[in-house]
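# Residue-level structural notes
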Amino acid sequence: MQIEHPVRQELVKDLYIDHRGWLFGWLRKKLRCPSDAADLTQDTFVRVMQCDELAQLREPRAFLTTTAGRLLIDHLRRRKLEQSYLGALALYSSDASAPSAEDHHAALETLNALATMLETLPPKPRKAFLLYRLEGLPHAEIAARLGVSVSMIKQYLATVLMQCYRVLYG
């Protein structure tokens, strides 16, 4: 059921006023970083504004926790990917000093493009790639976790790696 715009605004406003502080505290405990918690709190309410079922919402905190939890998982995945990438960049840089501000910015832009691409993938190829690259699991274990064959895992990984190549090199 589509909600009229003024009604939606009022519902979001009430939800924000009643629960923003609580949600921020919940996220701050999880992240131990007030600025990241503030960002994810705002991102959660941006998602809430897009929800069509606001009028039927019975448990607002459960809804906010679920929405924020999904954003938190994405945030933590991105952070882990960013740390891995920056660590690799530091290992392969020509000198032992930290990357320049320009290199750091370029790396973050590349990571953002890669993360966006990963979010558009179907769930199984994305999960296979993350398990392989971030957790270092072998093909057989990934196949068992996803309930597919090892050859399917190889196909998933090849497809995702081609997508990564396109993001990196056009």
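Up top you'll find the structure we're talking about.
In this report, the structure presented in the accompanying data block is examined. (Residues numbered from 1 in each chain as written. Predicted model: local features only at pLDDT ≥ 70, side-chain atom pairs only at ≥ 80, totals over all residues. Heavy atoms only, no water.)

### Some remarks on the packing of helix α5 (residues 123-133) against helix α7 (residues 150-169)
Convention followed: Angles here are taken between N-to-C directions and fall from 0 to 180 degrees, while the axes themselves are lines fitted to C-alpha atoms, restricted in helices to the stretch in contact. A run of H or I in DSSP becomes a helix once it reaches four residues, and a run of E becomes a strand once it reaches two; helices and strands are each numbered from the N terminus. Note on terminology: angles under 35 degrees are roughly parallel, angles over 145 are roughly antiparallel, angles of 65 to 115 are roughly perpendicular, and the others are oblique. Any two residues whose heavy atoms approach within 4.5 Å are treated as being in contact. Three classes are used, and their members are as follows: Ala, Val, Leu, Ile, Met, Phe, Trp, Tyr, Cys and Pro are nonpolar, Asp, Glu, Lys and Arg are charged, and the others, Gly among them, are polar.
Viewed as axis vectors pointing N to C, α5 and α7 meet at an angle of 85 degrees, and their least axial separation amounts to 9 Å. As judged from the angle between their axes, α5 and α7 are roughly perpendicular. Contact residues: Lys124, Pro125, Ala128, Phe129 and Tyr132 in α5; Ile153, Tyr156, Leu157, Val160, Leu161 and Cys164 in α7. Tallied by class, the residues present in the contact of α5 with α7 amount to ten nonpolar, no polar and one charged.

### Side note on the nonpolar core
Looking at soluble globular proteins, one finds that nonpolar side chains tend to be buried together. Put simply, the test is: Working definition of a nonpolar core: buried Ala, Val, Leu, Ile, Met, Phe, Trp, Tyr and Cys residues. They are joined through side-chain atoms within 4.5 Å. Accessible area is worked out with a 1.4 Å probe on protein chains only. A residue is then buried under 20% of its type maximum, exposed over 50%, and partly exposed in between.
Among the nonpolar cores identified, the biggest contains 20 residues, and Leu118, Phe129, Ile142 and Ile153 are the most heavily contacted of them. Only α4 (101-120), α5, α6 (139-146) and α7 provide two or more residues apiece to this core. The biggest single contributor to this core is α7, with five residues. Setting aside residues no more than four positions away along its own chain, phenylalanine 129 makes contact with Leu118, Leu134, Leu157, Val160, Leu161 and Cys164. Counting residues in each nonpolar core, the second largest holds 16 residues, with Leu23, Phe24, Ala37 and Leu71 among its members.

### So, the environment of arginine 145
Within the secondary structure, arginine 145 sits in helix α6. Sequence-wise, arginine 145 and threonine 41 are 104 residues apart; in three dimensions their C-alpha atoms are separated by 32 Å. Those residues within four positions of arginine 145 in sequence are excluded, and the remaining contacts are Leu131, Glu135 and Leu137.

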